[in-house]
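Structure at a glance
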Amino acid sequence: MKIEFNNVGYSYQSGHQALHDINLCFEGDQSVAIIGQNGAGKTTLAKQLNGILRPTQGSLTIDGTEISERTTAQWSKRVGYVFQNPDDQLFLETVREEFAFGPRNLGVDEATIDSRIDKVAALTGLQGKLDVHPADLSPTEKKFCGIGAVIMMDPDAVVFDEPTCGQDYVGDVRLHDLIAELKREGKLCIAISHDMKFVAANFDRVVVMCQGEVLLDGTPQEVFSQVDVLRKSYVTPPPITRVAQGVGLGKTVLTVPQFVETLEETRAGLVPLLKTSAINNNHYEIVGHGGQSSMTQRKNKGNECQ
Ligand SMILES: Nc1ncnc2c1ncn2[C@@H]1O[C@H](COP(=O)(O)OP(=O)(O)OP(=O)(O)O)[C@@H](O)[C@H]1O
Ligand SMILES: [Mg+2]
């Protein structure tokens, strides 16, 4: 699957332009996090991915077909969209009915639906809740019910709007495993998130939005090393990354094990130490060889498809 944005702009009926000249390409089994401050345009961008919203400027293609050539219901078979608020999505009497609804509409046979329900119930932790009314689920369970209902349609891409919102630790672990499973199955996973720890732990690529534009696009290491640029979009890197930046480690780390490893490399003289001229402001000066990522601010460049 390949989704391409070519100079996409989007204006709401109120006249507010929420997206400006977006050039992006998502393809294959990538896992992509979209981050940025409130109102940056993340949801507006994500809703273009299966035609819930359509570009008002430029063009968007899915595997080469213009989005305008099919209905959102038709695209939803290929690109599943999990809403931020499950109440916007769930409307049936039981979790089982929610799970069966999408594939049944697509004409999938009942035996396949039953076997998918078993698999998706295990992935979402809802095995014991299949006959429960969604309104009686906990907030975390409801969120997983919405995710399960989308995965049941076996789309090539899954878009999550704030999947971690209101989730507990068990929910976080389950979501991590679920995304890993989708990646194993070769699906494109795109998630909007404000949770930088979740982003660093689960995604290969991070797109930073600011005022309706793409500000940065790169690996988590590349993006989270751009402290000054990130500040413009009010994004702060994950806590362990900031600690490493604060003490002046010469590599961008995303996890505690990476922090420990880099600290040991620094002690052995393999990684340079950065002189922090103003820790609170995160301004760095490199002492010795090596240094930070070469990625620079990405603005209105051509899209990244190969
Ligand atoms: N239905 C709408 N009509 C008019 N303007 C809207 C509408 N929905 C969103 N906007 C505006 O478009 C801009 C982008 O909104 P969007 O919801 O895409 O941001 P976001 O990055 O998802 O924010 P958040 O992190 O708060 O969810 C904001 O200025 C918002 O106020
Ligand atoms: Mg949003």
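What this report covers is the structure whose coordinates are included nearby. Predicted model only: the values in this text are computed from it and were never measured.

1. Focus on the nonpolar core
Core analysis: the largest hydrophobic core is formed by 74 residues, its most contacted members being Ile34, Val158, Val159, Ile190, Val208 and Met209. Top element by residues in this core is helix α5 (residues 139-151). It accounts for six residues. In contact with Met209, other than residues within four places in its own chain, are Ile34, Gly36, Ala40, Gly41, Lys42, Leu45, Val214 and Leu215.

2. Digging into α5
Structural remark: α-helix, 3.6 residues per turn; residues separated by three or four positions point the same way. The first and last C-alpha atoms of α5 sit 19 Å apart over 13 residues, in line with the 18 Å expected at 1.5 Å per residue. Within α5, eleven of the 13 residues are buried, which leaves it mostly tucked inside the rest of the structure. For α5, the full list of buried residues reads Glu141, Lys142, Lys143, Phe144, Cys145, Gly146, Ile147, Gly148, Ala149, Val150 and Ile151. Elements in contact with the buried residues of α5: β6 (79-82), α3 (95-105), α4 (110-124), β7 (157-161) and α6 (169-184).

3. Points about α6
The first and last C-alpha atoms of α6 sit 23 Å apart over 16 residues, in line with the 22 Å expected at 1.5 Å per residue. Along α6, the residues that are buried comprise Gly171, Leu175, Leu178, Ile179 and Leu182. With its buried residues spanning 100° around the axis, α6 presents them on a single face. Along α6, exposed side chains directed more than 90 degrees from the buried face belong to Tyr169, Val170, Val173, Asp177 and Arg184. Among the residues trailing α6, Gly186 stands out with phi positive, at a value near 85°.

4. A short note on unusual backbone geometry
Of note in this structure, Asp21 is not a glycine but carries a positive phi near 45°. Tracing the backbone shows Asp21 in strand β2 (residues 17-27). Positive phi, normally seen in glycine, also occurs at Gln211, with a value near 50°. Turning to its location among the elements, Gln211 is positioned in the loop between β9 (205-210) and β10 (213-218).

5. Quick look at the site of ligand 1
Residues in close proximity to ligand 1 include Tyr12, Ser14, His16, Ala18, Gly36, Asn38, Gly39, Ala40, Gly41, Lys42, Thr43 and Thr44, which together make up its full environment. The element contributing the most residues to the shell around ligand 1 is helix α1 (residues 42-46), with three residues. Within the shell around ligand 1, the residues separate by chemical class into three nonpolar, eight polar and one charged.

6. Quick word on the packing of helix α10 (residues 239-247) against helix α11 (residues 256-267)
Between α10 and α11, the least distance of the axes is 9 Å, while the angle of their chain directions is 20°. The orientation of α10 with respect to α11, classified from their angle, is roughly parallel. The handedness of the crossing between α10 and α11 comes out as right-handed. Note on element contacts: α11 touches α10 through Val256, Phe259 and Thr262, opposite Ile240, Val243 and Ala244. For the contact of α10 with α11, the per-class residue count stands at five nonpolar, one polar and no charged.

7. Some details on the sheet that holds β7
A sheet is described by the order of its strands in space; here six strands give the open sequence β6-β7-β8-β3-β9-β10, paired in mixed fashion. The sheet is open, and its two edges are formed by β6 and β10, each paired on a single side. On average, adjacent strands in this sheet sit at an angle of 15° to one another, irrespective of strand direction. Relative to strand β8 (residues 188-192), β7 runs parallel, the two being bridged by five bridges. Pairing of Asp161 across the sheet is with Ile192, part of β8. The sheet strands contacting α6 are β3 (31-35), β7 and β8, and the helix crosses β8 at an angle near 145°.

Conventions we followed
- Residues numbered from 1 in each chain as written.
- Chains lettered and ligands numbered in written order.
- Predicted model: local features only at pLDDT ≥ 70, side-chain atom pairs only at ≥ 80, totals over all residues.
- Core = buried A, V, L, I, M, F, W, Y, C linked by C-beta atoms within 7 Å.
- Buried ≥ 20, exposed ≤ 12 C-beta atoms within 10 Å, placed from the backbone.
- Helix = DSSP H or I, 4+ residues; strand = E, 2+ residues; numbered from the N terminus.
- Contact = placed C-beta atoms within 7 Å.
- Expected span 1.5 Å × (residues − 1).
- Arc of directions from axis to C-beta.
- Near = placed C-beta within 6 Å.
- Nonpolar A, V, L, I, M, F, W, Y, C, P; charged D, E, K, R; others polar.
- Axes fitted to C-alpha atoms, helices over the stretch in contact; angles between N-to-C directions.
- Parallel < 35°, antiparallel > 145°, perpendicular 65-115°, else oblique.
- Left-handed = near helix turned anticlockwise from the far one by under 90°.
- Pairing = 2+ DSSP bridges.

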